[in-house]
Amino acid sequence: MTATRITHLIAGEPWSGTAERTSPVYNPATGEQSGVLDLASSELVGEVVAKAKKAWSQEWGTLSLARRSQILFTFRELLNRDKERIAAIITAEHGKVLDDALGEVNRGLEVVEFACGIPSLLKGGFTENASTKVDVYSMRQSLGVVAIISPFNFPAMVPLWFVPVAVACGNAVVIKPSEKDPSATIAIAALWREAGLPDGVVNVVNGDKEAVDALLTHPDVKSISFVGSTPIARYVYETGTSHGKRVQALGGAKNHMLVLPDADLDLAADAAINAGFGSAGERCMAISALVAVDSIADDLVEKIKDRMGKLRTGDGTRGCDMGPLVTQQHRDKVVAYVEAGEAQGASLVVDGRSGTYDADGEGFFLAPTLLDNVDEQMSVYTDEIFGPVLSVVRVHSYDDGLDLINRNQYGNGTAIFTNDGGAARRFQSEVEVGMVGINVPIPVPVSYYSFGGWKNSLFGDSHAHGMDGVHFFTRGKVVTSRWLDPSHGGLNLGFPQND
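For the structure given in this document, a descriptive report is provided here. (Residues numbered from 1 in each chain as written. Predicted model: local features only at pLDDT ≥ 70, side-chain atom pairs only at ≥ 80, totals over all residues. Heavy atoms only, no water.)

1. A short note on the sheet that holds strand β4 (residues 21-27)
Hydrogen bonds between backbone atoms are what pair the strands of a sheet, whose relative direction is either parallel or antiparallel. What counts is decided by this rule: A pair of strands is treated as paired once DSSP finds two or more bridges between them. Helix and strand assignments come from DSSP, with helices taken as H or I runs of at least 4 residues and strands as E runs of at least 2, each series counted from the N terminus. Orientation is described by lines fitted to C-alpha atoms, with helices fitted over the stretch in contact, and by angles between N-to-C directions that extend from 0 to 180 degrees.
What the 3 strands build is an open sheet, ordered β1-β5-β4; its pairing is mixed. Of all the strands in the sheet, the pair left with one neighbour each is β1 (4-6) and β4. In this sheet, neighbouring strand axes are inclined to one another by 30° on average, regardless of whether the strands run parallel or antiparallel. Alignment of β4 against strand β5 (residues 32-39), held across 7 bridges, turns out to be antiparallel. From the neighbouring strand, Thr-22 faces β5, where its bridge partner is Asp-38.

2. Here we look at the pattern of salt bridges
Stated precisely, the cut-off is as follows: By definition here, a salt bridge exists when the distance from a side-chain nitrogen of Lys or Arg to a carboxyl oxygen of Asp or Glu is within 4 Å. Only protein chains enter the accessibility calculation, which uses a 1.4 Å probe; a residue is then buried when its area is under 20% of its type maximum, exposed when over 50%, and partly exposed in between.
Counting across every chain of the model gives 32 salt bridges. In this structure, Arg-107 engages Glu-110 in a salt bridge whose closest nitrogen and oxygen atoms are separated by 3.4 Å. Of the two residues, Arg-107 and Glu-110 both sit in helix α4 (residues 98-115), 3 residues apart, roughly one turn of that helix. On the basis of relative accessible area, Glu-110 is assigned to the partly exposed category, the value being 27%.

3. A word on the side chain of Asn-27
As a reminder, the rule being used: The definition of a polar contact used here is a pair of N or O atoms within 3.5 Å, where within protein one atom must be able to donate a hydrogen and the other to accept one, and adjacent residues in sequence count solely through side-chain atom pairs. Should any heavy atoms of two residues lie within 4.5 Å, those residues are considered in contact.
Among the secondary structure elements, Asn-27 is positioned in strand β4. For Asn-27, a relative accessible area of 19% gives the class buried. Within polar-contact distance, the side chain of Asn-27 engages the backbone nitrogen of Ala-29 at 2.9 Å. Aside from chain neighbours lying at most four places away, what touches Asn-27 is Glu-32, Ser-34, Ala-92 and Phe-364.

4. Here's the deal with the packing of aromatic side chains
Our working definition: Pairing of aromatic rings covers Phe, Tyr and Trp, the last counted by its six-membered ring, and requires centre-to-centre distances within 6.5 Å; plane angles under 30 degrees mean stacked, over 60 mean edge-to-face, and any other angle means tilted.
Counted according to the given criterion, the structure contains 10 aromatic pairs. Geometrically, the ring pair formed by Phe-152 and Phe-386 is edge-to-face, given 5.8 Å between the ring centres and 85° between the ring planes. Within this pair, whereas Phe-152 is found in the loop between β8 (145-149) and α6 (157-168), its partner Phe-386 is found in the loop between α13 (379-382) and β19 (389-395), the two being separated by 234 residues in sequence. The burial state of Phe-152 is the same as that of Phe-386; both residues are buried. Relative to Tyr-449, the ring of Tyr-448 has its centre 5.7 Å away and its plane inclined at 45°; by these criteria the two rings are tilted. For the pair formed by Tyr-448 and Tyr-449, the shared burial category is exposed. Each residue in the set Trp-161, Phe-162 and Phe-451 is aromatic and connected to the rest through ring pairs, giving one cluster.

5. Observations regarding a positive patch on the surface
Counted only if it meets this: Patch construction takes residues with relative accessible area above 30% that form no salt bridge. Like charges are linked within 9 Å, and nonpolar side chains (Val, Leu, Ile, Met, Phe, Trp, Tyr) are linked within 5 Å. Calculation of accessible area relied on Shrake-Rupley with a 1.4 Å probe; when residues are assessed, cover is drawn exclusively from the protein chains displayed. Counting rule for charge: Lys and Arg are taken as positive, Asp and Glu as negative, and neither His nor the chain ends is counted. A single reference atom marks each charge: NZ on Lys, CZ on Arg, CG on Asp, CD on Glu.
Residues Lys-222, Arg-246, Arg-475 and Lys-477 make up a contiguous surface patch of positive charge. If you trace the backbone, Lys-477 turns up in strand β25 (residues 474-482).

6. Some words on the environment of Gly-469
With respect to the helices and strands, Gly-469 occurs in helix α16 (residues 466-472). With 307 residues separating them along the chain, Gly-469 and Phe-162 place their C-alpha atoms 7.3 Å apart. With sequence-adjacent residues up to four places away left out, Gly-469 is seen in contact with Val-165 and His-463.

7. Quick look at unusual backbone geometry
In this structure, Phe-386 is a non-glycine residue whose phi angle is positive, near 60°. Given a relative accessible area of 16%, Phe-386 falls into the buried group. Positive phi is not limited to glycine here, since Asn-439 has a value of about 60°. Looking at where Asn-439 falls in the secondary structure, it is placed in the loop between β22 (435-438) and β23 (454-455).

8. Here we look at the packing of helix α14 (residues 398-407) against helix α15 (residues 421-430)
Condition: By the definition adopted for this analysis, an angle is roughly parallel if under 35 degrees, roughly antiparallel if over 145, roughly perpendicular if from 65 to 115, and oblique otherwise. It is the rotation of the near helix from the far one that decides the hand of a crossing: anticlockwise by less than a right angle makes it left-handed, clockwise makes it right-handed.
Running from N to C, α14 and α15 cross one another at 20°; their axes reach a closest spacing of 11 Å. Relative to α15, α14 is oriented roughly parallel. Handedness of the crossing formed by α14 with α15: right-handed. Judged by residue contacts, Tyr-398, Asp-399, Leu-402, Ile-405 and Asn-406 of α14 engage Ala-423, Arg-426, Phe-427 and Glu-430 from α15.

9. Observations regarding the nonpolar core
The following threshold applies: To form a nonpolar core, buried Ala, Val, Leu, Ile, Met, Phe, Trp, Tyr and Cys residues must be joined to one another through side-chain atoms within 4.5 Å.
Of all hydrophobic cores here, the largest spans 67 residues; its most connected members are Phe-75, Leu-79, Ile-86, Trp-161, Val-202 and Phe-473. The element best represented in this core is α6, accounting for 10 residues. Here Leu-79 is in contact with Ile-86, Val-105, Leu-109, Val-112, Leu-160, Ile-188 and Leu-191, once residues within four sequence places are set aside. Listed in part, the 58 residues of the second largest apolar core include Ala-271, Ala-297, Leu-325 and Leu-390.

10. Quick word on α15
Three- or four-residue spacings in an α-helix give side chains the same orientation, since the helix completes a turn every 3.6 residues. Cut-off, in case you're wondering: The directions considered for the arc run from the helix axis to the C-beta atoms.
Residues of α15 that are buried: Ala-423, Ala-424 and Phe-427. Within α15, the buried residues cover an arc of 100° as seen down the axis, which keeps them to one side. Those residues of α15 that are exposed and angled more than 90 degrees off the buried face are Gly-421, Arg-425 and Ser-429. Looking at the buried residues of α15, the elements they touch are β13 (255-259), α14, β21 (413-417) and β22. Put simply, Asp-420 is the residue that caps the front of α15, since its side-chain oxygen is 2.9 Å from the backbone nitrogen of Gly-422.

11. Some words on the pairing of β22
The criterion, for reference: When the strands point away from the viewer, a crossover counts as right-handed if the route from the first strand across the helix to the second turns clockwise.
Side chains of β22 alternate between two faces, with Met-435 and Gly-437 buried and Val-436 and Ile-438 left unburied. A crossover links β21 with its parallel partner β22, the connecting element being α15, and its sense is right-handed.

12. Thoughts on the pairing of strand β6 (residues 126-131)
Judged from the 3 bridges that link them, β6 and strand β7 (residues 134-142) form a sheet pairing that is antiparallel. Residue pairing for β7: Ser-131 is matched across the bridge by Val-134. Following β6, the chain reverses through 2 residues before pairing antiparallel with β7; Lys-133 in that reversal takes a positive phi of roughly 60°.

13. A closer look at the state of the cysteines
By definition, a disulfide links the sulfur atoms of two cysteine residues through a covalent bond. The test is simple: Our working definition of a disulfide is a cysteine sulfur pair at a distance within 2.5 Å.
For the structure shown, the criterion picks out 0 disulfides. Among the cysteines around Cys-116, which has no disulfide bond, Cys-169 carries the closest sulfur, lying 13 Å off. Residue Cys-116 is classed as buried on the basis of its relative accessible area of 6%.

14. Points about the sheet that holds β25
Strand order in the open sheet formed by 3 strands is β6-β7-β25, with antiparallel pairing between adjacent strands. Each end of this open sheet is capped by a strand with a single partner; those strands are β6 and β25. Between one strand axis and the next, the sheet turns by 30° as a mean value, whatever way the strands run.

Here it is, written out as structure tokens:
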């Protein structure tokens, strides 16, 4: 199989230069290299930022809201038209099954639709006669050039969390997708030009740490939006803010699902399967820690085990339930966690290492894995595994389960399964996590609310999309205005007073 060249998209055109460094891209279902990715130098990043700044200052930043919203509506139609093609690209490079890939694009479309309402989202306030013949009003203005650094697990949805809102607010954007699966991001970015967006407003530069550092330190990049692991999120936040940028850096997670004795155990078992093994567990909102109250733990584990035996793992284009992991290196890392959990005393209920796969060639597969009797000291509990490994932690009561969740360093998402409304209401108030599901295992907010966690799952003050996104990609300005009549005059050096 001949590897295809994958390059940057700059001012609406594929880059025509020659890269000094490249990186391989694989089809995870076959293990074969499918692409050769050009990696950007810091100098090239600087050139792209300069083009974006020019497009913002001379065209896009001053364009009317009416014209911006028209382009956004057109982009929405184009993305909806091409969503099956983009889903196929995701499956070919990431490995997730086609239905899951299509669902990812559809969730991104929701943010585009939210951004189409930008004329109402950017409305300011007005106070007439705040002081005698003095009016005060507020406005929100674009930042300039903003950067998006996107992870491999959602190559379409995560850029779509940020780019439509940033563009709608009048900014120019430089996107740095993951080196593992960049093609879906590039394909979506190309649609902006077809929608009528001026060249240079949306650009894609592929790269590694050199490109990331160039964006974090470039004086003309005004903000950074990042999704990835907690150590890198912390680095991005500290580096970006030290260079005067506003930063929203969404980090890792260890999402818990607390199941109380009164819960519908069949519903809870289905939810644990769906949230634990969808997209091979490569989701920041995946449930990786199932917290079961002792009295129902045995029954719940047995129900989950029974359902796991019916799952089919293989090539994402063949109608399987779960696809491969993104790279061989990541697959081996997840396997090492399973081995460590078993060595540290966890009970291996279902061993995904011995699974069979519906695929051709040597893909990066690991079947769903279930560990029981996991405790807080085991690495399968403390670390974000990012794979199809579900750990069962047993607790004595609701209070013990709540304390376990609140002690964890992460605070991204959590869920409770119960038929007790009082317990659910207590949980939503007392749990120290940014996104909560009640009988909903993956509580990803709809687009007009904002996505983001607490504690070591978020660095910065702003969550993604919703009104948090609008505020992040704009700056507030307040104007105090007085139109003088001809009789006004006189000197007064005192501090201004409101009369």
